[in-house]
Number of protein chains: 2
Amino acid sequence: MRIGELAERAGVSTRTLRYYESRGLLPTRRAGNGYRVYGDDDLRLVEQIRTLQDFGFGLEETRPFVECLRAGHPAGDSCPASLDVYRRKLAELDVLIGELRSVREQVGAQLVRAEAELRGGPEPRCELGG
Amino acid sequence: MRIGELAERAGVSTRTLRYYESRGLLPTRRAGNGYRVYGDDDLRLVEQIRTLQDFGFGLEETRPFVECLRAGHPAGDSCPASLDVYRRKLAELDVLIGELRSVREQVGAQLVRAEAELRGGPEPRCELGG
DNA sequence: CGTTGCCTTGACGTCGGGGTCAAGGAATAC
DNA sequence: GTATTCCTTGACCCCGACGTCAAGGCAACG
């Protein structure tokens, strides 16, 4: 199959495939006329990359998975290096989620406070004995 | 005060201050020699911007806060437009945190599965009747 | 007078993941 | 022959928030 068909089957643009190739993620054979030629294993490579990208992995982080597949393993995460990436990503996600929750709380508190000040005037006052 | 002092007091670079000015966030008077001259109110502006930036707000999102301060209000969030930004940000954060938690779960599940396959072989087997 | 240090504007670089031409070659249909 | 479609490489464009020069002006010190 040529680049256009692979692109359509994988749901990406041809530009994206050439970009992956330029990053050393997608190996490419050439036909006699210079056209890129791909097989079904290349489709699996691209699908693996897209799956990880959808999870928010950077392209470089997909490299161990790609190399694992290219080494003949049944899945991209059949190799220890891929599992390490999973673990690092989990740790990153935990940190990030924690930070975002903290920010959410702080922004929420600011909103409540600012709303109260807009409605009730700047000075905090006690309802008791009003 | 000149740009160097404001930068140091606000904990940002002079480049950053000029950038804020170029975005119309930081108004600037000039001394006779062309130097930028700032007052303490400008320091408060920059601090407001930095606080929001630390929360992950984009520069454009800080504009209502900045304009609120410049209009003479006691705080950047003393104006309804600022509260709207708070509310939009909260909604964005909720969506983002939800997505990240979903990704975290999926990646975690992949890790568990892949670890099991690495240790126990590819075929899922039953311990009973071993 | 020179040096140092802060200031000015302008312009290009960075990072990631590609999008979007442009100019031309190749295969196929008619 | 020519129209169409796919393919090739190369090159510039995008976002955001600045970093990093480059070339030169201004102030103060000695």
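A quick note: this is a predicted structure, and the numbers were derived from the prediction, not measured. (Residues numbered from 1 in each chain as written. Chains lettered and ligands numbered in written order. Predicted model: local features only at pLDDT ≥ 70, side-chain atom pairs only at ≥ 80, totals over all residues. Heavy atoms only, no water.)

### Things to note about the relation of the copies chain B and chain A
Now for step 1: Superposition of chain B onto chain A requires a rotation of 180° combined with a translation of 0.0 Å along the rotation axis, giving an RMSD of 0.2 Å. Here the copies are linked by what is in effect a two-fold axis. Taking C-alpha positions as reference, the residue of chain B nearest the rotation axis is I97(B), located at 3.2 Å. (Least-squares fit on C-alpha atoms with pLDDT ≥ 70 in both.)

### Topic: the protein's contact with DNA strand C
Now for step 1: Close to DNA strand C lie 19 residues; S13(A), Y35(A), Q53(A), G4(B) and R36(B) are nearest.
Now for step 2: The share of sugar and phosphate among atoms of DNA strand C within 4 Å of the protein is 64%.
Now for step 3: L59(A) places a polar main-chain atom, nitrogen or oxygen, 3.1 Å from a phosphate oxygen of DNA strand C.
Now for step 4: Looking at the surface near DNA strand C, the elements that each hand over two or more residues are helix 2 (14-22) and helix 3 (40-54) of chain A together with helix 1 (3-10) of chain B.
Now for step 5: Sort the elements by how many residues they give to the surface near DNA strand C and helix 2 of chain A lands first, with 4 residues.
Now for step 6: In terms of residue class, the surface near DNA strand C is built from 6 nonpolar, 7 polar and 6 charged. (Near = heavy atom within 4 Å. Polar contact = N/O pair within 3.5 Å; in protein donor to acceptor, adjacent residues only side chain to side chain. Helix = DSSP H or I, 4+ residues; strand = E, 2+ residues; numbered from the N terminus. Nonpolar A, V, L, I, M, F, W, Y, C, P; charged D, E, K, R; others polar.)

### As for the protein's contact with DNA strand D
Now for step 1: Taken together, 19 residues are adjacent to DNA strand D, and R36(A), S13(B), T16(B), Y35(B) and Q53(B) come closest.
Now for step 2: At 2.6 Å, a side-chain N or O of S13(B) approaches a phosphate oxygen of DNA strand D.
Now for step 3: Sorting elements by how many residues they give to the surface near DNA strand D places helix 2 (residues 14-22) of chain B first, with 4 residues.
Now for step 4: When grouped by side-chain class, the residues that make up the surface near DNA strand D number 6 nonpolar, 7 polar and 6 charged.

### Let's talk about the UniProt feature "domain: HTH merR-type" (unreviewed entry) in chain A
Now for step 1: Look at the UniProt record and you will see "domain: HTH merR-type" (unreviewed entry) annotated at residues 1-68 of chain A.
Now for step 2: Helix makes up 62% of residues 1-68 of chain A and strand 6%, whereas the separation of the span's terminal C-alpha atoms amounts to 23 Å. (UniProt positions renumbered as here; feature names shortened; annotations may be inferred.)

### Details of the state of the cysteines
Cysteine pairs can be covalently joined through their sulfur atoms, and such a bond is termed a disulfide.
Residue and element names in this part refer to chain A.
Now for step 1: The final tally for this structure, using the stated rule, is 2 disulfides over all chains.
Now for step 2: Between the sulfur atoms of C68 and its disulfide partner C79 the distance amounts to 2.1 Å. One quick way to see it: the torsion about the S-S bond of C68 and C79 is about 85°, and its sign makes the bridge right-handed. Of this pair, C68 sits in helix 4 (residues 59-70) while C79 sits in the loop between helix 4 and helix 5 (80-120); the two residues are 11 residues apart in sequence, bridging distant segments of the chain. As far as the burial class goes, C68 and C79 line up, both buried. (Disulfide = S-S within 2.5 Å. Buried < 20%, exposed > 50% of the residue type's maximum accessible area, 1.4 Å probe, protein only.)

### Considering the interface of chain B and chain A
Now for step 1: Each side of the interface is counted separately: chain B has 27 residues, and chain A has 27 residues.
Now for step 2: The contact between chain B and chain A buries some 2,700 Å² in all, and 75% of this surface belongs to carbon and sulfur atoms.
Now for step 3: It is F55(B), R104(B) and V107(B) that lose the most area in chain B upon contact with chain A, and together they represent 21% of the buried surface on that side.
Now for step 4: Where chain B packs against chain A, one counts 6 salt bridges.
Now for step 5: Between E115(A) and R87(B) there is a salt bridge, and its shortest N-O distance comes to 2.8 Å.
Now for step 6: Taken together, the connections running from chain B to chain A amount to 6 residue pairs in polar contact (both at pLDDT 80 or more).
Now for step 7: Along the lines of polarity and charge, the residues of the side of chain B that touches chain A split into 16 nonpolar, 4 polar and 7 charged. (Contact = heavy atoms within 4.5 Å. Buried area = accessible area lost by both parts, 1.4 Å probe. Salt bridge = Lys/Arg side-chain N within 4 Å of Asp/Glu carboxyl O.)

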